[in-house]
Amino acid sequence: MAVEFIKKANLLSYAGTKCLNNDYAHHECTFCMDICPEDALGLVRDKFTIKGDACTSCAACLGSCPTEALTLETFDPNSFVLQLTSKEEKVVSCKKDSACLAAFDIHHFMTMSLKNDKPVSCDLSHCSECPMNKESALFDEIDAKISLANNYLAELGLEKALEKVTEKAEEAKPGRFAMFKKAHNTVKQAGVEGATDMFAQYNSNIPLKMVMLKNALREHMRDITNPKMKENLVFTSQEID
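Cut-offs used in this document
- Residues numbered from 1 in each chain as written.
- Predicted model: local features only at pLDDT ≥ 70, side-chain atom pairs only at ≥ 80, totals over all residues.
- Heavy atoms only, no water.
- Core = buried A, V, L, I, M, F, W, Y, C linked by side-chain atoms within 4.5 Å.
- Buried < 20%, exposed > 50% of the residue type's maximum accessible area, 1.4 Å probe, protein only.
- Helix = DSSP H or I, 4+ residues; strand = E, 2+ residues; numbered from the N terminus.
- Contact = heavy atoms within 4.5 Å.
- Pairing = 2+ DSSP bridges.
- Expected span 1.5 Å × (residues − 1).
- Axes fitted to C-alpha atoms, helices over the stretch in contact; angles between N-to-C directions.
- Parallel < 35°, antiparallel > 145°, perpendicular 65-115°, else oblique.
- Left-handed = near helix turned anticlockwise from the far one by under 90°.
- Nonpolar A, V, L, I, M, F, W, Y, C, P; charged D, E, K, R; others polar.
- Polar contact = N/O pair within 3.5 Å; in protein donor to acceptor, adjacent residues only side chain to side chain.
- 1 Å grid on protein atoms, 1.4 Å probe; cavity = no way out; pocket = protein on both sides within 12 Å on 5 of 7 lines; lining within 4 Å.
- Points joined across faces, edges and corners; volume = space filled by probe spheres on them.
- Salt bridge = Lys/Arg side-chain N within 4 Å of Asp/Glu carboxyl O.
- Phe/Tyr/Trp six-rings, centres within 6.5 Å; stacked < 30°, edge-to-face > 60°.

S.K.: Got a minute to help me understand the nonpolar core in this structure?
M.R.: One recurring pattern in soluble globular proteins: nonpolar side chains tend to sit buried together. Counting 59 residues, the largest nonpolar core has Leu12, Leu41, Leu70, Phe109 and Met112 as the members making the most contacts within it. Sorting the residues of this core by element identifies β2 (12-15), α2 (31-35), β4 (47-50), β5 (70-72), α3 (77-84), α4 (106-115), α5 (137-156) and α7 (208-219) as the ones contributing at least two each. In terms of residue count, α5 provides more of this core than any other element does, seven residues in total. Residues within four places of Phe109 in sequence aside, it is in contact with Leu101, Phe104, Cys122, Ile142, Lys145, Ile146, Ala149 and Leu162.

The structure is reproduced here in structure tokens:
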């Protein structure tokens, strides 16, 4: 039964039916385990396990999972991306209403850029002092995703790009609990309804982040000057029809 493949620790949940490592015996996907700053994710007797006493619900693992097998009760990356379109200030910051920016993957970053009429700023200025950013692993991961998203958009011929903010601005510093509470009350409630409606139109096996990017690309089809990607870029080398 599907319920046997559901695991939960603190606020983080895992759906084994969506996990590549769990679903395919010869698939060795370990992205979430590799990025976790607290070593809270691992394999016990070849079964994925969340170590509840180690997990801090930081959300860093969410953006690493290609199939969205991991979810966090207090933050939904897809809902955040949808709600960003209605905000006047196009800023993604862990000190405002977002979790760690590692919670987003390339699909999310591209959709953010495509869906907003103003440039989206990604605040990386706090990464250097973040206790989760051990040996700069999270910063390097986030920076690489944003760069790859920008490269992909440029290769399509779209004049869209995410901005990286590395210099810290003067601002109040709320506690981590307050930040996640705010994210839960604003981002998830405002965006999850729209995300659910969109997802209902498609096969549930398709990650919602991919559906969102597909729809965002469709809106810009007239502006795409190069519909075929180079092989060294992410996603596909086939034409976008």
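S.K.: Sorry if this is basic, but what is going on with the pairing of β4 here?
M.R.: Two faces make up the sheet, and in a regular strand the side chains alternate between them. Residues Phe48 and Ile50 line the buried face of β4, whereas the alternating positions Lys47 and Thr49 sit on a face that is not buried. Pairing analysis gives four bridges linking strand β3 (residues 41-44) to β4, with the strands arranged antiparallel. Within β4, the residue paired with Gly42 across the bridge is Thr49. Once β3 ends, the chain turns through two residues before running back antiparallel as β4, passing Arg45 with a positive phi of about 55 degrees.

S.K.: Help me understand α7, please; the structure alone is not making it clear to me.
M.R.: Note: α-helices contain 3.6 residues per turn, so residues at a spacing of three or four share the same orientation. Its twelve residues give α7 an end-to-end C-alpha distance of 17 Å, which sits within 8% of 16 Å, the value for a rise of 1.5 Å per residue. Residues of α7 that are buried include every one of Leu208, Lys209, Val211, Met212, Leu213, Asn215, Ala216 and Leu217, and no others.

S.K.: Any chance you could explain the packing of α3 against α7 here in plain terms?
M.R.: The packing of two helices is summarised by the inter-axis angle and the distance between the axes. Contact geometry of α3 with α7 gives a least axis separation of 10 Å together with a crossing angle of 25 degrees. The orientation of α3 with respect to α7, classified from their angle, is roughly parallel. At the point where α3 passes α7, the crossing takes the left-handed sense. Residues Asn78, Val81 and Leu82 of α3 form the contact with α7, whose participating residues are Leu208, Lys209 and Met212. Residues of the contact of α3 with α7, tallied by class, amount to four nonpolar, one polar and one charged.

S.K.: Explain the environment of Glu163 to me, please; I cannot follow it from the model alone.
M.R.: In this structure, Glu163 sits in strand β8 (residues 163-165). Linking Glu163 and Val120, residues 43 residues apart in sequence, is a C-alpha distance of 6.1 Å. Discounting chain neighbours no more than four positions away, the residues touching Glu163 are Pro119, Val120, Ser121 and Cys122. Among the polar contacts made by the side chain of Glu163, one reaches the side chain of Ser121 at a distance of 3.1 Å.

S.K.: Please clarify how empty space enclosed by the protein should be interpreted in this entry.
M.R.: With a probe scaled to a water molecule rolled over the atoms, the places where space remains empty come into view. With the rule as written, the count across this model stands at two cavities of 30 Å³ or more. For the largest cavity, the calculated volume is near 110 Å³. Lining the largest cavity are 14 residues, and of these Cys19, Cys29, Cys32, Cys65 and Pro66 lie nearest its centre. Secondary-structure elements contributing two or more residues to the lining of the largest cavity are α1 (20-23) and α2. When the residues that make up the lining of the largest cavity are grouped by side-chain class, the tally is eleven nonpolar, three polar and no charged. Estimates place the volume of the second largest cavity at around 80 Å³. In terms of lining, the second largest cavity is formed by Leu12, Cys36, Glu38, Ala40, Leu41, Cys55, Thr56, Ser57, Cys58, Ala59, Ala60 and Cys61.

S.K.: Looking at this structure, I do not really get the pattern of salt bridges. What am I missing?
M.R.: A side chain of one charge can pair with a side chain of the opposite charge when the charged atoms of the two come close. All told, the structure shown has eight salt bridges when counted by the stated rule. Where Lys51 meets Asp39, a salt bridge forms, and the shortest distance between an N and an O atom there is 3.9 Å. Note that Lys51 is positioned in the loop between β4 and β5 and Asp39 in the loop between α2 and β3, a separation of twelve residues in sequence. The salt bridge partner of Glu219 is Lys115, with a shortest N-O separation of 2.8 Å.

S.K.: It is not clear to me how the environment of Asn21 should be interpreted in this structure. Could you clarify?
M.R.: Among the structural elements, Asn21 can be located in helix α1. Overall, Asn21 belongs to the buried group, its relative accessible area being 17%. Considered as a pair, Asn21 and Lys47 are 26 residues apart in the sequence and their alpha carbons are 8.8 Å apart. Here Asn21 is in contact with His27, Glu28, Cys29, Thr30, Met33 and Leu43, once residues within four sequence places are set aside. Here Cys29 takes part through its backbone oxygen, which lies 2.9 Å from a polar atom of the side chain of Asn21.

S.K.: Is there a simple way to explain the packing of aromatic side chains in this structure?
M.R.: Here a ring pair, both rings aromatic, is described through the centre-centre distance and the interplanar angle of the planes. Evaluation of the coordinates by the stated rule reveals five aromatic pairs. Here a set of aromatic residues connected by ring pairs shows up, and it is made of Phe75, Phe80, Phe104 and Phe109.

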